[in-house]
Amino acid sequence: AQSVTQLDSHVSVSEGTPVLLRCNYSSSYSPSLFWYVQHPNKGLQLLLKYTSAATLVKGINGFEAEFKKSETSFHLTKPSAHMSDAAEYFCVVPRRSNYQLIWGAGTKLIIKP
Amino acid sequence: DVKVTQSSRYLVKRTGEKVFLECVQDMDHENMFWYRQDPGLGLRLIYFSYDVKMKEKGDIPEGYSVSREKKERFSLILESASTNQTSMYLCASSLTRGLAGKETQYFGPGTRLLVL
């Protein structure tokens, strides 16, 4: 069965330093993969998605993620954190049987001034 | 611009009450979803609809029902609210029937429900 694991429930970085949010998935086929972001008191929105084109995917607000099939990972990175990046981030993989989505538990990103 | 609206941002109900949560999308999307979001659990799918009057159970349908009489509107019903249904409820939509796993989902702002 498909599953997705976000390895950290909270990540704290200083403004201007790199961000790494880790996601591992379990799947018997090459899936689509998504990262969504939820800012405080705002709705969820798509950050980026991988659909078997380029393995390095660029998203909004300077984020990118690399699909690594051999490691079954889809980690989210950003070279330099900004205060506005403080939010909760969700890694998401489709469920093959009926195309519903499986959501990771989320990683809260905290930005220190 | 894409828009998904939910009928209430905050709702307080008593145990045993029947609760209706409404969601409307203005994008002519085929698919609509109801999720609940609880801390540390991510989003869990309650029900999914891929067409008018069509629905599929998600991971946690117990205690809930849904209605989709028009393409743009998807309602979630708590038949008899209980305290363990206190949660954030999120509605979403996506464009194409059969491609729910590959397409962007667009979310409403959420309804925070408190059941006393």
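Further up the page is the structure itself.
A brief look at the structure comes next. (Residues numbered from 1 in each chain as written. Chains lettered and ligands numbered in written order. Predicted model: local features only at pLDDT ≥ 70, side-chain atom pairs only at ≥ 80, totals over all residues. Heavy atoms only, no water.)

### A word on unusual backbone geometry
Phase 1 of the analysis: Here the phi dihedral of N61 of chain A falls at roughly 60°; this positive angle occurs in a residue that is not glycine.
Phase 2 of the analysis: With respect to the secondary-structure elements, N61 of chain A resides in the loop between β7 (56–58) and β8 (64–68).
Phase 3 of the analysis: A positive phi angle, near 60°, is found at D28 of chain B, a position not held by glycine.
Phase 4 of the analysis: Structurally, D28 of chain B is set in the loop between β3 (19–25) and β4 (31–38).
Phase 5 of the analysis: For D28 of chain B, a relative accessible area of 52% corresponds to the exposed category. (Helix = DSSP H or I, 4+ residues; strand = E, 2+ residues; numbered from the N terminus. Buried < 20%, exposed > 50% of the residue type's maximum accessible area, 1.4 Å probe, protein only.)

### Quick look at the side chain of Q6 of chain B
Residues and elements named next belong to chain B.
Phase 1 of the analysis: Along the polypeptide, Q6 turns up in strand β1 (residues 4–6).
Phase 2 of the analysis: For Q6, a relative accessible area of 10% puts it in the buried group.
Phase 3 of the analysis: In this structure the side chain of Q6 is engaged in a polar contact, spanning 3.0 Å, whose partner is the backbone nitrogen of G110.
Phase 4 of the analysis: Discounting chain neighbours no more than four positions away, the residues touching Q6 are E22, W34, Y89, L90, C91, G108, P109, G110 and T111. (Polar contact = N/O pair within 3.5 Å; in protein donor to acceptor, adjacent residues only side chain to side chain. Contact = heavy atoms within 4.5 Å.)

### Regarding a nonpolar patch on the surface
All names here are of chain B.
Phase 1 of the analysis: A contiguous nonpolar surface patch, about 260 Å² in accessible area, is contributed by V12, L114 and L116.
Phase 2 of the analysis: Here L114 shows up in strand β11 (residues 111–115).
Phase 3 of the analysis: Relative accessible area serves as the criterion here: at 37%, L114 is assigned to the partly exposed category. (Patch = residues over 30% accessible without salt bridge, like charges linked within 9 Å, V, L, I, M, F, W, Y side chains within 5 Å. Areas by Shrake-Rupley, 256 points an atom, 1.4 Å probe, with all protein chains shown as cover. Salt bridge = Lys/Arg side-chain N within 4 Å of Asp/Glu carboxyl O.)

### Focus on the packing of aromatic side chains
Two aromatic rings are characterised by how far apart their centres lie and by the angle between their planes.
Phase 1 of the analysis: Taken as a whole and judged by the stated rule, the model has 15 aromatic pairs over all chains.
Phase 2 of the analysis: On the numbers, 5.7 Å between centres and 85° between planes, the contact of W103 of chain A with F107 of chain B is edge-to-face. Of this pair, W103 of chain A sits in strand β11 (residues 101–103) while F107 of chain B sits in strand β10 (residues 106–107), which puts the two residues in different chains. The exposure classification of W103 of chain A matches that of F107 of chain B, with both residues buried.
Phase 3 of the analysis: Each residue in the set F34, Y36, F90 and W103 of chain A together with F33, Y35, F48, Y50 and F107 of chain B is aromatic and connected to the rest through ring pairs, giving one cluster. (Phe/Tyr/Trp six-rings, centres within 6.5 Å; stacked < 30°, edge-to-face > 60°.)

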